[in-house]
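Fold and geometry: a report
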Amino acid sequence: MCDVCKAEGLDSQFMNGSKSRISPSKLFRVFKGQTATIKLCSIHDIQLFMLGEQRFLLENLGFLKHLNHNRRNFVTSSF
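Note on numbering: residues in each chain are counted from 1, in written sequence order. Only residues with pLDDT of at least 70 are given local features in this predicted model, and only at 80 or more are side-chain atom pairs given and counted; all residues enter the totals for whole chains, interfaces and linings. Side-chain metrics in this entry use all non-hydrogen atoms of the structure; hydrogen atoms and water are not considered.

Overview of the packing of aromatic side chains
Only centres within 6.5 Å qualify two rings of Phe, Tyr or Trp (six-membered ring in Trp) as a pair; their planes then separate them into stacked at under 30 degrees, edge-to-face at over 60, and tilted for everything else. A complete count under the given rule lists two aromatic pairs for this structure. Ring plane angle 65 degrees and centroid distance 6.5 Å describe the contact between Phe56 and Phe63, whose orientation is recorded as edge-to-face. Partly exposed residues are those whose accessible area sits between 20% and 50% of the maximum for their type, while under 20% is buried and over 50% is exposed, using a 1.4 Å probe and protein chains only. For Phe63, a relative accessible area of 0% translates into the label buried. For the pair Phe63 and Phe74, a centre-to-centre distance of 6.5 Å together with 80 degrees between the ring planes defines the contact as edge-to-face. Here Phe63 is found in helix 5 (residues 61-69), whereas its partner Phe74 is found in helix 6 (residues 71-74), with 11 residues between them in sequence. Given a relative accessible area of 7%, Phe74 falls into the buried group. Pairwise contacts between aromatic rings join Phe56, Phe63 and Phe74 into one cluster. Only DSSP runs of H or I covering at least 4 residues are called helices, and only runs of E covering at least 2 are called strands; the numbering of each starts at the N terminus.

Structure below.
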């Protein structure tokens, strides 16, 4: 399931249709010196590409709160 849809309480299969896919993405500017790996549905993957990381997180504040609260589940590596 898409991490953003889960945090925002959205039905990702309904939003993306029958050919929904989940793709891994990385956020580089969320945690200082660390990378966050997240799973995104097609709609949120496109939204991240179109808006950029900062505006994407501002558009999805519920996800940002979820990301900060569950930090250790998303952080993958240090620089």
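What follows picks up the thread again.
With respect to the pattern of salt bridges
Criterion for a salt bridge: a side-chain nitrogen of Lys or Arg within 4 Å of a carboxyl oxygen of Asp or Glu. Enumeration over the complete set of coordinates arrives at one salt bridge. One salt bridge connects Asp45 with Arg21, and the closest N-O pair in it is separated by 4.0 Å. A residue pair is termed long-range when its members are at least 10 positions apart, and Asp45 in helix 3 (residues 42-51) and Arg21 in the loop between helix 2 (12-16) and strand 1 (23-31) qualify at 24 residues.

A closer look at a nonpolar patch on the surface
Like charges are joined within 9 Å and nonpolar side chains (Val, Leu, Ile, Met, Phe, Trp, Tyr) within 5 Å, but only among residues with over 30% relative accessible area and no salt bridge; these make up the patches. For accessible areas, the Shrake-Rupley method is used with a probe of radius 1.4 Å. Any residue's cover is judged against the shown protein chains and nothing else. Taken together, Leu10, Phe14, Met15 and Ile43 make up a surface patch of nonpolar side chains, about 380 Å² in accessible area. Note that Phe14 resides in helix 2. A relative accessible area of 70% means that Phe14 is categorised as exposed.

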